[in-house]
Amino acid sequence: MDLLLILTYTAIAYATFKIFKIPVNKWTVPTAMLGGIVLIAGLILMMSYNHPFTTDARIYFTTTPVLPTVRGRVVEVPVSANVPLKKDDVLFRIDPRPFEYAVEAKRAALAEAEQNVLELGAAFGAATSAVEEASAARDRAKQAFDRSYQANEAARQAGRPLPITELQVENQRGVYIGAEAAVMTALARAEQARIAYEAEIGGVNPTVARLQAELKDAEYELDQTTVRAPADGYVTQLFLRPGAMAVPLPLRPVMVYVNSEDMVLGAAFIENSLQRVIVGDEAEIAFKAVPGRIFKGRVKALVNVIAQGELQPTGALVDPSAPERRRPALGIAMIDVLDDISAYQLPGGISAEVAIYTAHFHHIGVLRRVLLRMSSWMNFVFLVH
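A quick note: this is a predicted structure, and the numbers were derived from the prediction, not measured.

Rules used throughout
In this convention, every chain numbers its residues from 1, walking through the sequence in written order. Whole-chain, interface and lining totals are the exception, using all residues; otherwise, since this is a predicted model, local features are given only for residues with pLDDT of at least 70 and side-chain atom pairs are given and counted only at 80 or more. By convention in this description, side-chain values take in all heavy atoms of the structure and omit both hydrogens and water. What goes into a patch is any residue over 30% in relative accessible area without a salt bridge, connected to like charges within 9 Å or, for nonpolar side chains (Val, Leu, Ile, Met, Phe, Trp, Tyr), within 5 Å. For the accessible areas, the method is Shrake-Rupley and the probe is 1.4 Å, while residue cover comes only from the protein chains on display. Between Lys or Arg on one side and Asp or Glu on the other, a salt bridge is scored when a side-chain nitrogen of the former is within 4 Å of a carboxyl oxygen of the latter. In this text, helices come from DSSP runs of H or I with a minimum length of four residues, and strands from runs of E with a minimum of two, each type numbered from the N-terminal end. For every residue, the accessible area (1.4 Å probe, protein chains only) is compared with the maximum for its type, and the residue is labelled buried under 20%, exposed over 50%, or partly exposed between those bounds. Ring pairs shown here join Phe, Tyr and Trp side chains whose ring centres sit within 6.5 Å, with only the six-membered ring taken for Trp; geometry is labelled stacked below 30 degrees between planes, edge-to-face above 60, and tilted in between. Charges are assigned to positions over rings by a cutoff of 6 Å between ring centre and Lys NZ or Arg CZ, combined with an angular limit of 35 degrees from the ring normal. When checking whether two residues touch, look at their non-hydrogen atoms; a contact exists if any pair is within 4.5 Å.

A. Structural view of a nonpolar patch on the surface. A surface patch of nonpolar side chains, amounting to about 290 Å² of accessible area, comprises Leu3, Ile6 and Leu7. Tracing the sequence through the fold places Ile6 in helix α1 (residues 2-19). A relative accessible area of 43% places Ile6 in the partly exposed class.

See below:
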C-alpha cells in the first residue's frame with residue numbers, strides 16, 4: 001500500500017509538471033521529492049494510527065482430533081470426506097461384540113448377586129427362627145431343672161427322702177447351661193446374617209452396587225464403539241478404512257474433524273496500530289481470492305494477549321533472547337464479516353487484507369478506502385505457481 005501511495009504521488013507530480021509546464025531543474029525536482037516524502041509519510045502515519053491496515057489476515061478454524069475411547073477393530077466408516085455432517089452423526093464403528101459379551105457377563109453377575117441378596121434374606125430369617133427355637137429349648141431345660149431343684153429342696157425341708165437324685169439334677173443343670181450357650185451361638189449367627197443382609201451403600205447391597213457400577217461402565221464402553229461427530233462440520237483427508245485397528249493409546253487420531261461453527265476472521269496488526277481501535281469499529285475486508293470485491297465487517301473483539309508473552313510450566317527458565325520471543329509481536333483483532341460470503345469459494349485458512357476505520361480523523365479514512373480498493377484490484381493479476 002505504501003508503494004501505491006508513492007506511485008500515485010509520482011503520477012500526480014509528473015502530470016503537474018507536464019500540464020503546468022514546470023521546468024525540471026535542481027530546485028523543482030528536489031522540492032517535489034521532499035514534498036512527496038513529507039506528504040506520504042504524514043499520510044501513512046495518520047492512517048496507521050487511526051485507520052490501521054494489514055495484509056496478515058486469515059480465516060481461522062478449529063479442528064477436533066478424533067480418537068476412540070475404546071480399543072477395537074473398525075468395522076464401518078459410513079462418512080465421506082468433505083461432506084457436511086451434523087452433530088452426533090456416526091463417523092465410524094468399532095466391532096461391538098467383545099463389549100456386548102462384557103455387558104452380558106456383568107448382567108449375569110448382577111442377577112447372581114441380586115439372587116444372593118435374596119438368599120441372605122432367607123438365611124437371616126432362618127437364623128432368627130433358630131434363635132427362637134434355641135430360646136424355647138433353653139426355657140424348657142430351665143423349667144425342668146427348676147422343678148427338680150425345687151422338689152429336692154422341699155423334700156430336704158420336710159425331712160423326706162429326695163425324689164430326684166443329685167446326679168439327675170446336675171445333669172438337668174448341664175442341659176440348661178448347654179441350651180443357654182446354644183441361644184448365644186444362635187444370636188451371634190443371627191446378628192452375622194442380619195449384618196450381611198442389611199449392609200447397604202445408598203440403599204443397595206455392596207456387591208450389587210459394585211456390579212451395577214461395573215455394568216454401567218461396560219454399557220458405556222459398548223456405546224463408545226460408535227464414534228459420533230462432536231459438532232457440525234466435516235471430515236477431511238479421510239484415510240480410515242474398515243479393518244483398521246483403533247486404539248486410544250498412544251494418542252494417535254484416526255481422523256481430523258473440522259468444526260464449521262468456529263470459523264472466524266483474525267487480523268494481525270503491529271502493536272501500536274491498535275491503540276485507537278475499539279470493539280464495534282467499522283472494518284473492510286479484501287480477500288485475495290475475490291479480486292475487486294470489498295466486504296463489510298466490524299471489529300468483534302481485540303485479543304488481549306500476544307503469543308510472544310506466553311509462558312507454560314517446563315523444566316527450563318524463560319529465555320528472552322529465544323528466536324520465537326524476539327520476533328515482532330502482533331496484536332489480533334477478531335472481525336465479523338457482515339456481508340454474505342457463501343457465494344464465494346473461501347475455505348478456512350484463506351488470506352485477506354483488512355482495514356479498520358476508527359472515529360478519529362475520519363476524512364483520512366477515505367484515502368484508506370481508496371487504497372484498499374486499489375490493492376484489491378491488483379489481485380486480478382497473479383502468477384501461476
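B. Region of the structure containing the environment of Pro320. Among the secondary structure elements, Pro320 is positioned in the loop between β9 (295-302) and α6 (323-326). Each C-alpha atom of the pair Pro320 and Val70 lies 43 Å from the other, and the pair is 250 residues apart in sequence.

C. Layout of the packing of aromatic side chains. Applying the stated criterion across every chain yields a total of two aromatic pairs. Where Phe287 meets Phe295, the ring centres are 5.5 Å apart and the plane angle is 65 degrees; that geometry is what we call edge-to-face. A single burial state applies to Phe287 and to Phe295, both of which are buried. Between Phe295 and Tyr344, the aromatic rings sit 5.4 Å apart at their centres with planes inclined by 85 degrees, giving edge-to-face as the arrangement. With Phe295 in strand β9 and Tyr344 in the loop between β10 (330-337) and β11 (351-357), the pair connects residues that are 49 residues apart, well separated along the chain. Overall, the relative accessible area of 0% leaves Phe295 in the buried class. Grouped by ring-pair contacts, the aromatic residues Phe287, Phe295 and Tyr344 constitute a single cluster. Above the ring of Phe295, the side-chain terminus of Arg293 is found at 4.5 Å from the ring centroid. If you follow Arg369 out to its NZ or CZ, it ends over the ring of Tyr357, 4.0 Å from the centre.

D. Examining unusual backbone geometry more closely. Positioned with a positive phi, Asn82 is a non-glycine residue whose angle comes to about 65 degrees. Note on placement: Asn82 falls in the loop between β2 (72-76) and β3 (90-94). Its relative accessible area of 48% is what places Asn82 among the partly exposed residues. Non-glycine residue Gln237 carries a positive phi angle of around 50 degrees. For Gln237, the location among the structural elements is in the loop between β5 (233-236) and β6 (245-246).

E. Examining the side chain of Thr28 more closely. Position of Thr28 among the secondary structure elements: in helix α2 (residues 28-50). For Thr28, a relative accessible area of 18% gives the class buried. The residues contacting Thr28, other than those within four sequence positions of it, are Phe17, Ile22 and Pro23.

F. Inspection of the pattern of salt bridges at higher detail. A full pass over the atoms with the stated rule returns 12 salt bridges. When the shortest N-O distance is used, the salt bridge between Glu282 and Arg369 registers 3.0 Å. One end of the pair, Glu282, is in strand β8 (residues 282-287); the other, Arg369, is in helix α7 (residues 364-377), and 87 residues separate them in sequence. Accessibility expressed as a relative area gives 18% for Arg369, which makes it buried. Of the charged contacts in the structure, one is a salt bridge between Arg373 and Glu284, with a shortest N-O distance of 3.0 Å. Here Arg373 is found in helix α7, whereas its partner Glu284 is found in strand β8, with 89 residues between them in sequence. For Glu284, a relative accessible area of 0% translates into the label buried.

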